[in-house]
Amino acid sequence: MSPELLTLLLFGCLIALLLMGFPVAFTLGGLSIVFGYFAFGFEFFNLLPMRVFGIMTNYVLIAVPLFVFMGTMLEKSGIAERLLDTMSLLLGRLKGGLALSVVVVGALLGATTGVVGATVTTMGLLSLPTMLKRGFSKTLSTGTIAAAGTLGQLVPPSVVMVLLGSVMNVSVGDMFAAAIVPSAILVTSYLIYIYIIALIKPEQAPPIQAEELAYFWRQGAFMRIFRAFILPAFLVVAVLGSIYAGIATPTEAAAVGALAATILTALEKKLTWSVVVDVCKQTTFLTSMVFIILVGATAFGLVFRGIGGDDVLVHLIERSNLSPKLFLAFVLIGIFIAGAFIDFIEITFIFVPVIMPLLVKYEFNLIWVGMLITVCLQTSFLTPPFGFTLFYLKGVAPPEISTGDVYRGVVPFITLQLFVVALLLLFPELLAVIPTGARR
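The model shown is predicted, which means the values in this text are computed figures rather than measured ones.

*Asks:* Please explain the environment of Met-131 as it appears in this structure.
*Replies:* With respect to the helices, strands and loops of the structure, Met-131 is situated in helix H7 (residues 116-133). Excluding its chain neighbours within four sequence positions, the residues that come into contact with Met-131 are Leu-98, Ala-99, Val-102, Phe-136, Ser-141 and Ile-145.

Printed below as a string of structure tokens:
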């Protein structure tokens, strides 16, 4: 059978089985075993263990469970609740101040947790009832919380960038440095959009009442502000500071963050044995899910390259005469569409290895491409019908919030994310913070 036909059959079976609802990890692994046996015979079973062992010895991937542990532990500390409450009162005089505070806190939590489920759930439980009570519209409230909760995928440290850096074979530290500009642009665009809505339609985003603000400033406001910001700042400095200062690698910084989050939880007197057990269980569950998919995707990649699928793809693109940027635009569109149906982990481990030979052939700056893919992957959490953030938020929302409210609320923020992707695609020089050694 020709490589073209084998590649088409492989992807056809993959899409069919995924649409039938089979688990991604076992679909990838099962198909790889079947196609690997028929393509290479028993020799395939000698190759596969070596590839899997390569994952087990990948030092960078140790950061995944450590960052997950850090975010889950921080969620238990109660720091997010105090930070959100204090920030909303600080910005209370502004129109839409409560919504603006949700975005700022989402960015701060993204720099300390990076776990979308924990951030969205926490902010949904704390902010959504308050926003509705104070007269905010349902769509603006749900959209703001959902969008702010996903900022942890772009604001470093980010599990997405750790996985992408490993798959693309680029420095995770350079990815973190390059993410500063895109994350700042995205946060700023969220703030501007909310403020404009508050100016045009003040009934959708009213300010906090003057009496409540006056009481806040009378009752030890400065001490509350200090307590609210000093602990998250300590964690950000411990993790990102150690990376940017060259003291620690991202993996080592993840260990520092896990320890620091545990210390902060202890300082808040929330560190109990049941909390430790719960955090370890959640970390094990999420890490196991990531790595079993990675094993399946590695097997799939071995078969795909073994049957000549990467060569087929390269020849197909060459015959289409696409310019490099147009090819990249089609890739990003494909990732965006796929994000509406499957998780960012599957996209990272299935799509990215397939396009890597073409990215290298076109001599793209892989850090720049990594940032574009990261922002596109962030939209996968918001895009209906299967955006995970939408499910997290609906699960903790009051009964009066419908699924339609959540879906309509995220549309403007998805548009803003796509705007940032277009901006980075057209103006790669925006990533001026990329270290020289990372350029390709």
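*Asks:* Sorry, what's going on with the side chain of Ser-101 here?
*Replies:* As for its placement among the helices and strands, Ser-101 is situated in helix H6 (residues 97-110). In this structure the side chain of Ser-101 is engaged in a polar contact, spanning 2.5 Å, whose partner is the backbone oxygen of Leu-98.

*Asks:* Help me out: how do you make sense of the nonpolar core in this one?
*Replies:* A general trend in soluble globular proteins is that nonpolar side chains are found buried together. In terms of nonpolar packing, the biggest core is built from 136 residues, with Phe-67, Met-168, Leu-328, Leu-359 and Ile-373 touching the most fellow members. The residues touching Met-168, leaving out its near neighbours within four places in the chain, are Val-352, Met-356, Leu-359, Leu-366, Val-369 and Gly-370.

*Asks:* I keep staring at the confidence of the model for the chain and nothing clicks. Help me out?
*Replies:* Close inspection of predicted coordinates is inappropriate for parts of the model with low pLDDT. Summary statistics for the chain give a mean pLDDT of 79 and a share of 89% for residues scoring 70 or more. Summarising per-element confidence for the chain, the mean pLDDT is lowest in helix H12 (residues 210-218) (63) and highest in helix H11 (residues 180-200) (91). Segment residues 435-440: pLDDT under 50, and 14 contacts once partners within four positions in sequence are set aside and those in other chains are kept.

*Asks:* Mind showing me how you'd approach the side chain of Thr-27 here?
*Replies:* Among the secondary structure elements, Thr-27 is positioned in helix H2 (residues 24-40). A relative accessible area of 5% means that Thr-27 is categorised as buried. Those residues in contact with Thr-27 that sit more than four places away from it in its chain are Leu-14, Leu-17, Leu-18 and Phe-22.

*Asks:* How should I be thinking about the packing of H2 against helix H15 (residues 273-306) in this particular structure?
*Replies:* Packed helices, taken two at a time, are described by the angle their axes make and the gap between the axes. Between H2 and H15, whose axes approach to 8 Å, the crossing angle comes to 30°. Here H2 is positioned roughly parallel relative to H15, judged by the angle of their axes. Handedness of the H2/H15 crossing: left-handed. Counting all contacts with H2, which are made through Ala-25, Phe-26, Leu-28, Gly-29, Ser-32, Phe-35, Gly-36 and Phe-40, the residues of H15 involved are Ile-292, Ile-293, Gly-296, Ala-297, Ala-299, Phe-300, Val-303 and Gly-306.

*Asks:* I would appreciate a short explanation of a nonpolar patch on the surface in the present structure.
*Replies:* Residues Ile-33, Val-34, Tyr-37, Phe-38, Phe-42 and Phe-45 make up a contiguous nonpolar surface patch of about 650 Å² in total accessible area. A total of four residues in the nonpolar patch trace back to one element, the largest contributor, which is H2. Residue placement: Phe-45 occurs in helix H3 (residues 44-56).

*Asks:* Explain the packing of aromatic side chains here, please?
*Replies:* Remark: the centre distance and the inter-plane angle together describe each pair of aromatic rings, the angle taken between the planes. Considering all chains together, one arrives at six aromatic pairs under this definition. Look at Tyr-190 and Phe-413: their rings are 5.2 Å apart centre to centre, the planes differ by 80°, and that puts the pair in the edge-to-face class. Within this pair, whereas Tyr-190 is found in helix H11, its partner Phe-413 is found in helix H21 (residues 403-426), the two being separated by 223 residues in sequence. A connected cluster of aromatic rings, assembled from ring pairs, spans Phe-327, Tyr-362, Phe-364 and Trp-368.

Reading the values: the criteria
In every chain, residue numbers begin from 1 and rise along the written sequence. This being a predicted model, a pLDDT of at least 70 is required before a residue's local features are given, and a value of 80 or more before pairs of side-chain atoms are given or counted; all residues contribute to the totals for chains, interfaces and linings. With hydrogens and water stripped out, all remaining heavy atoms of the structure feed into the side-chain values. Under the scheme used here, helices are H or I runs from DSSP no shorter than 4 residues and strands are E runs no shorter than 2 residues, and both carry numbers assigned from the N terminus. The contact rule is simple, with two residues in contact once any of their heavy atoms fall within 4.5 Å. Pairing of N or O atoms within 3.5 Å defines a polar contact, subject to two protein rules: one partner must be a possible hydrogen donor and the other a possible acceptor, and residues neighboring in sequence count only if both atoms are side-chain atoms. Among buried residues, those of type Ala, Val, Leu, Ile, Met, Phe, Trp, Tyr and Cys that are joined through side-chain atoms within 4.5 Å constitute a nonpolar core. Only protein chains enter the accessibility calculation, which uses a 1.4 Å probe; a residue whose area is less than 20% of its type maximum is buried, one above 50% is exposed, and one in between is partly exposed. For every residue, the predictor reports its confidence as pLDDT, a number between 0 and 100. Working convention: axes come from line fits to C-alpha atoms, limited for helices to the stretch in contact. Angles between N-to-C directions cover 0 to 180 degrees. Should an angle fall under 35 degrees it is called roughly parallel, over 145 degrees roughly antiparallel, and 65 to 115 degrees roughly perpendicular, with every other angle called oblique. Note: crossing handedness is left-handed where the near helix turns anticlockwise from the far helix by less than a right angle, and right-handed where it turns clockwise. Patch members must show over 30% relative accessible area and no salt bridge, and they are joined within 9 Å when carrying like charges or within 5 Å when they are nonpolar side chains of Val, Leu, Ile, Met, Phe, Trp or Tyr. The accessible surface values rely on the Shrake-Rupley method and a 1.4 Å probe; as for residues, cover is taken only from the protein chains in view. Each reported salt bridge corresponds to a side-chain nitrogen of Lys or Arg within 4 Å of a carboxyl oxygen of Asp or Glu. Ring pairs shown here join Phe, Tyr and Trp side chains whose ring centres sit within 6.5 Å, with only the six-membered ring taken for Trp; geometry is labelled stacked below 30 degrees between planes, edge-to-face above 60, and tilted in between.

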